[in-house]
Amino acid sequence: MATVKEFSGFDAKKDAEILQKSMKGAGTDEKAIVDVLTRRTNAQRQKIVLDFKTMYGKDLIKELKSELSGRFEDIVLALLLKSSDYDAMCLHKAIEGLGTDEGALIEILCTRSNKQILDIKQAYKTLFRRDLEKDILGDTSGHFGRLLVSMTVGNRDENSNVDVARAQADAKALHAAGEKKWGTDESKFNSILAAQSIAQLQRVFDEYQKLSGHTIERAISSEMSGDLKQGMTTIVKVVRNSAAYFAEQLYTSMKGLGTNDRQLVRVIVTRCEVDMVQIKQEFQRNYGKTLESFIADDTSGDYKKILLALVSGN
């Protein structure tokens, strides 16, 4: 369940007017910006962006960019982008320059639906005039690169029917490709984990445990390492409980010294209209504190206010 839902009585022109007033004169009315943007869905925000340009002959994103700064600016601009554009921009940031943010690549590519992946690829091409698959191959290598390319195809089976006999055969194949083999046949893991439906994989993992006496996670952990291990493990976590996976992403973005703000913003912006209610439940169950209390302790100012508004909901 979402925490940000469609605002009833939505009036894009009125919202555009409120945002225009928030930037007039000395200083900016950050509260007005938070109140409007956190209580409208992405589709409603797109209508505000359109009406703002129609009414004032100005680009709302550019206007806000010139008024705001820091992390608050980052999240406001993220909320105003189309979802596919935002994901494409996050992927581009993860790849460009020195070093690669493999965690961001894994989080986005291993958790989106087929349609979302196809929309992201198109957005990436439009925004950057580049091919996402080629950029990923240029920035990663080996079995990890192949796993990410498999994810960018956007061709996972989305059927909810389960073939038990096939699941048993695949569990055997995974066991033979891993623990029973000298060295690991990573391509076998890739072909099963990247292509099969969520429901089918749940059954494969159950059959694997019956066969081997332990979890598929343990097999991946002992057979693989580095980014490939993280990528494969992410798929398993999403198959088992996607809300718990995203709760963990939020926890790791804030635990210890410093905050991974990119990760924190990305998860909240992309999940507040999907399953933030369940993510909050998993967060409290697994870490003994509410997500809101973690955010309140780890952030400050208008940045804190906008994050809390998105996770508390309208």
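Right, let's walk through the structure included here. Residue indices begin from 1 for each chain and proceed along its sequence in written order. At least 70 in pLDDT is required for a residue's local features to be given in this predicted model, at least 80 for side-chain atom pairs to be given and counted, and no such filter applies to totals for whole chains, interfaces and linings, which use all residues. The basis for every side-chain value is the complete set of non-hydrogen atoms in the structure, without hydrogens or water.

Bringing the overall build of the chain into the picture now. The number of helices and strands found in the chain is 19 helices and zero strands. Restricting the calculation to C-alpha atoms gives the radius of gyration, and the globule rule supplies 2.2 Å times the number of residues raised to the power 0.38. Taken over the C-alpha trace, the chain has a radius of gyration of 21 Å; the compact-globule value for 314 residues is 20 Å, and the two agree within 12%. Overall size of the chain, expressed as C-alpha extent along the three principal axes, is 70 × 45 × 40 Å. Within the chain, the fraction of its 314 residues that count as buried is 47%. In this tally Asp and Glu are treated as negative and Lys and Arg as positive; neither His nor the chain ends contributes. Charge positions are represented by NZ for Lys, CZ for Arg, CG for Asp and CD for Glu. Of the side-chain charges in the chain, 46 are positive and 45 negative, and the distance between the mean point of each set is 1 Å. The helix count covers DSSP runs of H or I at least four residues long, the strand count covers runs of E at least two residues long, and both are numbered beginning at the N terminus. Exposure classes here rest on a 1.4 Å probe applied to the protein chains alone. A residue is buried below 20% of its type maximum, exposed above 50%, and partly exposed in between.

For this analysis, a nonpolar core means a set of buried residues of the types Ala, Val, Leu, Ile, Met, Phe, Trp, Tyr and Cys, connected via side-chain atoms within 4.5 Å. One finds Leu60, Leu64, Ile75, Val76, Leu250 and Ile268 to be the most contacted residues of the largest nonpolar core, which totals 90 residues. In terms of residues, this core owes the most to one element, helix H15 (residues 226-254), which gives twelve residues. The contact rule is simple, with two residues in contact once any of their heavy atoms fall within 4.5 Å. If we ignore the near neighbours within four places in the chain, the residues touching Val76 are Ile33, Leu37, Leu64, Leu68 and Ile306.

Let's shift gears to helix H9 (residues 132-139). Residues of H9 that are buried: Leu132, Asp135 and Ile136. All buried residues of H9 fall inside an arc of 100 degrees around its axis, so they share one side. Residues Lys134 and Gly138 are exposed on H9 and point more than 90 degrees away from its buried face. Packing partners of the buried residues in H9 comprise helix H6 (83-95), helix H7 (102-109), helix H8 (114-128) and helix H10 (142-152). In protein, a polar contact means a hydrogen-donor-capable atom and an acceptor-capable atom, both N or O and within 3.5 Å, with residues adjacent in sequence counting only if both atoms are side-chain atoms; elsewhere, any N or O pair within 3.5 Å suffices. Capping the start of H9, Asp131 holds a side-chain oxygen 3.3 Å from the backbone nitrogen of Glu133, two or three residues further along. Of all possible arcs, the one meant is that of the directions from the helix axis to the C-beta atoms.

The next subject is the pattern of salt bridges. Every case where a carboxyl oxygen of Asp or Glu lies within 4 Å of a side-chain nitrogen of Lys or Arg is listed as a salt bridge. According to the stated counting rule, one finds 26 salt bridges in the structure shown. In this structure, the salt-bridge partner of Arg112 is Asp87, at a minimum N-O distance of 2.8 Å. You can see Arg112 sitting in the loop between H7 and H8 and its partner Asp87 sitting in helix H6, a full 25 residues away along the chain. In this structure, Arg112 and Asp87 share a single accessibility class: buried. For Lys125, the salt bridge identified is with Asp131, shortest N-O distance 4.0 Å. With a relative accessible area of 44%, Lys125 lands in the partly exposed category. If you follow the salt bridges from partner to partner, you end up with Lys13, Lys47 and Asp51 in one network.

Once that is clear, we can look at the environment of Asn190. Here Asn190 shows up in helix H12 (residues 186-193). Take Asn190: its relative accessible area is 12%, and that puts it in the buried class. Each C-alpha atom of the pair Asn190 and Leu147 lies 6.2 Å from the other, and the pair is 43 residues apart in sequence. Excluding residues within four positions of it along the chain, Asn190 makes contact with His143, Arg146, Leu147, Ser150, Ala195 and Met232.

Its place among the elements puts Ile268 in helix H16 (residues 261-271). Owing to a relative accessible area of 0%, Ile268 belongs among the buried residues under this scheme. Residues Ile268 and Phe189 lie 79 residues apart in sequence; the distance between their C-alpha atoms is 30 Å. Excluding residues within four positions of it along the chain, Ile268 makes contact with Leu250, Met276, Ile295, Leu307, Leu310 and Val311.

Note on terminology: pairs of cysteine sulfur atoms within 2.5 Å are recorded as disulfides. For the structure shown, the criterion picks out zero disulfides. Cysteine Cys90 shares no disulfide, and the gap to the nearest cysteine sulfur, in Cys272, comes to 13 Å. Judged by its relative accessible area of 13%, Cys90 falls in the buried class.

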